[in-house]
Amino acid sequence: MLRVVVLISGGGSNLRALLEAAQDAEFPARVVAVGADRQADGLGHAEAFGIPGFVVPFTSFDSREAWGDELLAALREWEPDLVVLSGLMRLLPHQVVAEYSPAIINTHPAYLPEFPGAHGVRDALAAGVAQTGASVIVVDDGVDTGPILAQRRVPIEPGDTETTLHERIKPVERELLIQTVLDIANGAIDLKEYATP
């Protein structure tokens, strides 16, 4: 059984989808803890499913590195096989990436390498393209630069706003995330292939 820790900053809709999938006795992964960098609404999903939650508040530390040390200590307590970033709106400090990558994955609301960064949906609309997408990647030290594990296109419709487009991307992100976790758990994706030498 794959032990998963999920890190969030917000509402945790991807987290909830993963928690629901993991309720199936046949699903070969379990969320063992949910962490956040602030008091996030998504921690309520963890509570509803009886999953322990923890908060390492970014604003309580003098530097990203100091926050990273505390986050790393919190992660180690749960001995995760996989760390999933689910709307964590912070770049992970190097020491966290160094310890867990390539067993850290993240979803992104664009068809990478198109439109990386915090505003992928807005940037796609601003570019006037006909389609964008969703991706699941291995986290490295860059901004959405890690190896791509799964992705799917999402068309941009006339009159789309950032909100309407993002609402259409989210279900695709959730499906890709659940399938990717499943593929990692059952060996269809071997994360060791993505380890940096």
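Residues numbered from 1 in each chain as written. Predicted model: local features only at pLDDT ≥ 70, side-chain atom pairs only at ≥ 80, totals over all residues. Heavy atoms only, no water.

Q: Sorry, what's going on with the overall build of the protein here?
A: What the protein contains, in helices and strands, is six helices and seven strands. Counting from the amino terminus, helix and strand elements in the protein follow one another as β-α-β-α-β-α-β-α-β-α-β-β-α. The globule rule puts the C-alpha radius of gyration for 197 residues at 16 Å, and the 16 Å found for the protein is close to it. Principal-axis analysis of the C-alpha atoms places the extent of the protein at approximately 50 × 45 × 40 Å. Going through the 197 residues of the protein one by one, you find that 47% of them count as buried. (Helix = DSSP H or I, 4+ residues; strand = E, 2+ residues; numbered from the N terminus. Rg over C-alpha atoms; globule rule 2.2 N^0.38 Å. Buried < 20%, exposed > 50% of the residue type's maximum accessible area, 1.4 Å probe, protein only.)

Q: Would you explain the sheet that holds strand 6 (residues 131–138) in this entry?
A: Whenever strands of a sheet pair, they do so through backbone hydrogen bonds, lying parallel or antiparallel. The mixed open sheet is built from seven strands, whose spatial order is 3-2-1-4-5-6-7. The two strands at the open ends of the sheet, each matched to only one other strand, are strand 3 (53–55) and strand 7 (148–155). Going from strand to strand, the sheet's axes swing by 20 degrees on average, the running direction of each strand aside. Bridge count between strand 2 (residues 29–36) and strand 3: three bridges; the pairing is parallel. Counted as the bridge partner of Val34 is Gly53 from strand 3. (Pairing = 2+ DSSP bridges. Axes fitted to C-alpha atoms, helices over the stretch in contact; angles between N-to-C directions.)

Q: What am I meant to see in the nonpolar core here?
A: Formed by 42 residues in total, the largest nonpolar core has its most connected members in Leu82, Ile105 and Val181. The element that contributes the greatest number of residues to this core is helix 6 (residues 162–185), accounting for seven residues. Setting aside its immediate chain neighbours within four residues, Val181 contacts Leu2, Leu18, Phe27, Ala29, Leu82, Val84 and Ile105. Listed in part, the 20 residues of the second largest apolar core include Leu71, Val83, Leu85 and Leu92. (Core = buried A, V, L, I, M, F, W, Y, C linked by side-chain atoms within 4.5 Å. Contact = heavy atoms within 4.5 Å.)

Q: Whenever I open this one, the pairing of strand 4 (residues 82–85) confuses me. Can you help?
A: On any regular strand, side chains alternate: one points to one face of the sheet, the next to the other face. Residues Leu82 and Val84 of strand 4 are buried on one face, and the alternating residues Val83 and Leu85, pointing to the opposite face, are buried as well. Sheet analysis places strand 1 (residues 2–8) next to strand 4, joined by four bridges and oriented parallel. Within strand 4, the residue paired with Val6 across the bridge is Val84. In terms of strand pairing, strand 4 meets strand 5 (residues 104–108) through three bridges, oriented parallel. When the bridges of strand 5 are listed, Val84 appears paired with Ile105. Between the parallel elements strand 4 and strand 5, the chain passes through helix 4 (residues 94–100) in a crossover that is right-handed. (Right-handed = clockwise from strand over helix to strand, strands pointing away.)

Q: In this structure, what is going on with the side chain of Thr180? I would like to understand it.
A: In this fold, Thr180 is placed in helix 6. Residues contacting Thr180, with those up to four places away along its chain left out, are Ile105, Val136, Leu149, Ala150 and Ile189.

Q: Would you mind showing me how to read unusual backbone geometry here?
A: As a rule of thumb, non-glycine residues mostly have phi less than zero, and peptide bonds are mostly trans rather than cis. Note the cis peptide between Ser101 and Pro102, where omega equals 10 degrees. Among the secondary structure elements, Pro102 is positioned in the loop between helix 4 and strand 5. The omega torsion across Leu112 and Pro113 is 10 degrees, close enough to zero to call that bond cis. Relative to the helices and strands, Pro113 resides in the loop between strand 5 and helix 5 (120–127). Even without glycine at this site, Glu79 takes up a positive phi of about 45 degrees. Within the secondary structure, Glu79 is located in the loop between helix 3 (64–78) and strand 4.

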